[in-house]
Amino acid sequence: MTTVRRRARHGRRWLALPLLGTLLTGCGIRATQVPTDFGPAPSRVPCSLTGSGQSPQQGVPVQVFLLCGSSLVTVDRTVRVPEGTPDARRRVMVAQGLLDQLATAPSSAERSAGYATYVPGGLSVSGPAPHDPEDTLRLSTAPSRLPSAALAQLVCTLSDSAATEGDGSITLGGPSPAPLSRYACTDDVRNHPGTTAPPASDVPEETG
């Protein structure tokens, strides 16, 4: 009798296992010993940097506009300007330093955060030609030949710097005697640099 009861209890125990598996499956739970994969860990928030992303350098602190996502975002940089440089020359040196910084590839930390630049290398800048307004900057390439995003970077960076008079606009032109235009950095340009060209108005040549 004892043997029969033991066999009965064992039989009921084995019958319960398939039933338990069925209940777990019906509840959406797999009876498994393998750890569940919940996907990769969250990645770094785009356009978020701790610090400038570049090694600190001596010079004049400036900011340049890089692209991140579909917008322009400022990052910290420095440009070198010797002490005692006359104001007119200083302005051109700051502008050239800004162009060089824009054309430099973002650091690895900046690239990981989604930053990019479309400004080509080799651009140079000079001051006004004869009969140009005194705040003119002339580029080695006509602004109209630059991609929309690159021109937006240039206009917003230069118009917000010591290279201009700080009114949110900048007078630019190609090599003299190319005509000049006054470009503005607007909210639409900052938010949509790839599709919104900086507004421009013609600048008449000065006489006398």
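As shown above, the structure is provided for reference.
Residues numbered from 1 in each chain as written. Predicted model: local features only at pLDDT ≥ 70, side-chain atom pairs only at ≥ 80, totals over all residues. Heavy atoms only, no water.

### Some details on the overall build of the chain
This is how the line gets drawn: In DSSP terms, a helix is any run of H or I states spanning at least four residues, a strand is any run of E spanning at least two, and both are numbered starting from the N terminus. Whether two residues are in contact is decided by their heavy atoms: any pair within 4.5 Å suffices. Residue burial considers only the protein chains on display, and all accessible areas are found by Shrake-Rupley using a 1.4 Å probe.
Looking only at helices and strands, one finds 5 helices and 8 strands in the chain. Each helix and strand of the chain, ordered N terminal to C terminal, gives the series α-β-β-α-α-β-β-β-α-β-β-α-β. Here the analysis covers contacts within the chain between residues at least 6 apart in sequence; of these, 57% occur between residues at least 24 apart. Looking at the chain as shown, the accessible area adds up to about 13100 Å², and 54% of this sits on carbon and sulfur atoms.

### Quick notes on the environment of P106
By secondary structure assignment, the location of P106 is in the loop between α2 (87-103) and α3 (108-112). For the pair formed by P106 and V75, sequence separation is 31 residues and the distance between their alpha carbons is 9.9 Å. With residues up to four places along the chain from it excluded, the contact list for P106 reads L66, R111, Y115, A116 and T117.

### What to know about the nonpolar core
Keep this limit in mind: The nonpolar core is taken to be a set of buried Ala, Val, Leu, Ile, Met, Phe, Trp, Tyr and Cys residues, with the residues joined through side-chain atoms within 4.5 Å. Throughout, exposure labels follow a simple rule: accessible area from a 1.4 Å probe, protein chains only, divided by the maximum for the residue type, with under 20% read as buried, over 50% as exposed, and the rest as partly exposed.
Core analysis: the largest hydrophobic core is formed by 37 residues, its most contacted members being L137, L154 and L158. Those elements that provide at least two residues to this core are β1 (60-68), β2 (71-79), α2, β5 (136-139), α4 (148-159) and β6 (169-173). The biggest single contributor to this core is α4, with 8 residues.

### Brief notes about the packing of α2 against α4
Rules: Here an axis means a line fitted to C-alpha atoms, over the contact stretch when the element is a helix, while the angle between two N-to-C directions is reported on a 0 to 180 degree scale. Angular relationships are summarised with four words: roughly parallel below 35 degrees, roughly antiparallel beyond 145, roughly perpendicular across 65 to 115, and oblique for the angles in between. Two helices crossing with the near one rotated counterclockwise from the far one by less than a right angle form a left-handed crossing, whereas a clockwise rotation gives a right-handed crossing. Under this grouping Gly is polar, as are all residues other than the nonpolar Ala, Val, Leu, Ile, Met, Phe, Trp, Tyr, Cys and Pro and the charged Asp, Glu, Lys and Arg.
Between α2 and α4, the least distance of the axes is 10 Å, while the angle of their chain directions is 140 degrees. Judged on the interaxial angle alone, α4 and α2 are oblique. Seen from above, α2 lies across α4 with right-handed handedness. Here A95, L98, L99 and L102 of α2 come into contact with α4, specifically with Q153, L154, T157 and L158. Within the contact of α2 with α4, the residues separate by chemical class into 6 nonpolar, 2 polar and no charged.

### Description of unusual backbone geometry
Residue P177 is bonded to the preceding S176 through a cis peptide linkage, with omega at 10 degrees. Relative to the helices and strands, P177 is located in the loop between β6 and β7 (180-184). The phi dihedral of H131 falls on the positive side, at around 75 degrees, and the residue is not glycine. Summarising the element assignment, H131 is placed in the loop between β4 (125-126) and β5.

### Regarding the side chain of T171
Applied cut-off: Counted as a polar contact is a pair of N or O atoms within 3.5 Å, where, for protein atoms, one must be capable of donating a hydrogen and the other of accepting one, and residues adjacent in sequence contribute only when both atoms are in side chains.
With respect to the element layout, T171 can be found in strand β6. Among the polar contacts listed, one links the side chain of T171 to the side chain of R182, at a separation of 2.3 Å. Apart from the residues lying within four places of it in its own chain, the contact partners of T171 are D135, T136, L137, L180, S181, R182 and V203.

### Things to note about the state of the cysteines
What counts is decided by this rule: Cysteine sulfur atoms are paired as a disulfide whenever they fall within 2.5 Å.
Here the structure, examined in full by the defined rule, presents 2 disulfides. Each sulfur in the disulfide pair C156 and C185 lies 2.0 Å from the other. Of note, the bridge from C156 to C185 carries an S-S torsion of about 90 degrees and is right-handed in sense. Placement of the pair is C156 in helix α4 and C185 in the loop between β7 and α5 (187-191), with a sequence separation of 29 residues. Classification of C156 as buried rests on a relative accessible area of 1%. Here the cysteine-cysteine linkages of the chain are recorded as 1-2, 3-4, numbering only bonded cysteines and doing so in sequence order.

### Here's the deal with the pairing of β5
How we decide: Any two strands between which DSSP finds at least two bridges are classified as paired.
Burial along β5 is two-sided: the face carrying T136 and R138 and the face carrying L137 and L139 are both buried. Taken together, the 2 bridges between β4 and β5 define a ladder with antiparallel strand orientation. Within the sheet, the bridge partner assigned to V125 lies in β5 and is L139.

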